[in-house]
Amino acid sequence: MSIKTVFALAALIVAASAAPSNRAVCSKGRTAAHATCCKWFDVLDDIQDGLFDGAECGEEVHELTFHDAIGFSLTHPLTGGGGADGSIMAHSEIETKFPANNGVDDIIEQQRPIAIKHGVSFGDFIQFAGAVGVSNCAGGPRLQFLAGRSNFSFPAPDKTVPEPQDSVNSILARFADAGFSPNEVVDLLASHSVAAQDHVDETIPGSPFDSTPSSFDPQIFVETLLKGTAFPGNGANTGEVQSPLPGEFRLQSDFAIARDPRTACEWQSFVNDHASMVKKFEKAMSKLAVLGHVPALLTDCSEVIPQPKAAASNVGVIPAGKTLKDIEASCKVKPFPSLSVLPGPIQSVPPVPAS
Ligand SMILES: *[C@@H]1O[C@H](CO)[C@@H](O)[C@H](O)[C@H]1NC(C)=O
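About the thresholds
Residues numbered from 1 in each chain as written. Predicted model: local features only at pLDDT ≥ 70, side-chain atom pairs only at ≥ 80, totals over all residues. Heavy atoms only, no water. Helix = DSSP H or I, 4+ residues; strand = E, 2+ residues; numbered from the N terminus. Rg over C-alpha atoms; globule rule 2.2 N^0.38 Å. Buried < 20%, exposed > 50% of the residue type's maximum accessible area, 1.4 Å probe, protein only. Contact = heavy atoms within 4.5 Å. Areas by Shrake-Rupley, 256 points an atom, 1.4 Å probe, with all protein chains shown as cover. Lys, Arg positive; Asp, Glu negative; His and termini not counted. Charge placed at Lys NZ, Arg CZ, Asp CG, Glu CD. Core = buried A, V, L, I, M, F, W, Y, C linked by side-chain atoms within 4.5 Å. UniProt positions renumbered as here; feature names shortened; annotations may be inferred.

What to know about the overall build of the protein chain
Along the protein chain, the regular secondary structure elements total 13 helices and 8 strands. Here the C-alpha atoms of the protein chain give a radius of gyration of 22 Å, agreeing with the 20 Å that 2.2 N^0.38 yields for 355 residues. Each principal axis of the C-alpha distribution contributes one length, and for the protein chain these read about 75 × 50 × 40 Å. Residues counted as buried form 51% of the 355 residues belonging to the protein chain. Intrachain contacts of the protein chain at a sequence separation of at least 6 include 71% that bridge at least 24 residues. When the accessible surface of the protein chain is split by element, carbon and sulfur atoms take 60% of a total near 15,800 Å². Taking the average place of the 25 positive charges on the side chains of the protein chain and the average place of its 40 negative ones, the gap between the two points comes to 8 Å.

This is how it looks when you write it as C-alpha cells:
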C-alpha cells in the first residue's frame, strides 16, 4: 500500500465518519444536504396544512408552474418572457388578464402570502408548490426541485400560454419555441391525469379530464381516445369537444393531440405504462421548471419533496359501459394494447370539490 493510498483511505474514513454531521439540521429533526434547503421544510408544512388542506392531490398549483414557466421564447429571448421566474405572481395584475390565464388568480392570491412570509422568491415558490401538489397524488411523480431563482421578473407577454381551442400545429409550434419536442408536449400533458376544468364551461366547475382525478394514472391517455358521445355541461364551449362519460370534460387540444400523427404514438405508449408516464413527466418537468435559468447555479433541494404514495393501478382500463371498439386508436405503427374492461353500466364522473 503506497503512502498515497493510505492518505486516500484515511481521507475516505474521515469523510465517511463526518458524513452524518455534514447534513444541516432543519426544523422538526429533519435534515438536508444543503442548509439553504432547510427553509423549504417549513414552506412544505405551511402549504400541506394550508393550501392542500392536509396534503391533498393539488393540480391547480401544478397548472401554475406551467403558466408561469411557458412564458419563454427561444426565438424572442428578450421579449418572450423570463420562463419560470414568478412573473405571473409578481405581475399578476397584468398576466392574469391574459385569456389563457383565466382563473389562475385565485391560486396566486392563496400562494403569495406564503411565499412572502417565508422570504422565498415567487419563481421558486410556484415550482415548489407545484411539485408538492403532484407528489400528493397517488402514483404521482417526485419532481426535481432546484431553489435559488431570482425574485426579479418582467411581465411575460400575452399569447405564450397555449389554449385548448388552438390547433395542434400552433400548440406544437409554441412548445417548440420554448424548447419542447412533440413527444415532450405529450409527456407534460400527463398532468391532465389529475386535472379538471373550471372556466371552459363555468356551469360545471371541477369537471375532471378523466375518471380518476386524484390518481396520477394512465386513465387520461385511455379515456381521451374513447369516442366522444356528449357534452357534460351546457353544450359546446370554445375549446371543448364531446366526452365519452357523463361528468367528464374533454379539451379539444387533448382530443386532437391524442390523435395527431406526430403525437399519437407517444400518447398511446402510456395507456399501459405508468412507470414510463411518470419518468417522462419528471424529465419534461425538470426542463420546464428551469426555463430561463442556469440549473448549475441553483441548489438541489429535491429531497424536501415528499415521496408519493403508489397508484392503485399501473395500467389503464376501459371504463365500465365501454369496450375496446370505442377506442379511436391513432398510432399507425403499433396496435392499441389489450386492456381489461371494467364490468357494469356506464358511470358518471363526479366533479372534483373546490379547494
Ligand atoms: C419578491 O417581490 C415581491 C414584489 O413583486 C415582494 O412582495 C416580495 O417580498 C419579494 N420577495 C423576496 C424574497 O424578495
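With respect to the nonpolar core
The biggest cluster of nonpolar side chains holds 82 residues, and the ones touching the most others in it are Trp40, Ile47, Phe128 and Phe221. With 8 residues, helix H7 (residues 122-135) is the largest single contributor of residues to this core. Once residues within four sequence positions are removed from consideration, Phe128 is found in contact with Trp40, Val43, Leu44, Ile47, Phe145, Val304 and Ile305.

Considerations on the environment of Ser276
One can find Ser276 in helix H13 (residues 274-288). Judged by relative accessible area, which is 17%, Ser276 ranks as buried. Once the C-alpha coordinates of Ser276 and Asp187 are considered, the two residues, 89 residues apart in sequence, prove to be 9.4 Å apart.

Here we look at the UniProt feature "domain: Plant heme peroxidase family profile" (unreviewed entry) in the protein chain
Residues given the UniProt feature "domain: Plant heme peroxidase family profile" (unreviewed entry) here are residues 98-305. The span residues 98-305 shows a helical share of 38% and a strand share of 6%, and its end C-alpha atoms are spaced 31 Å apart.

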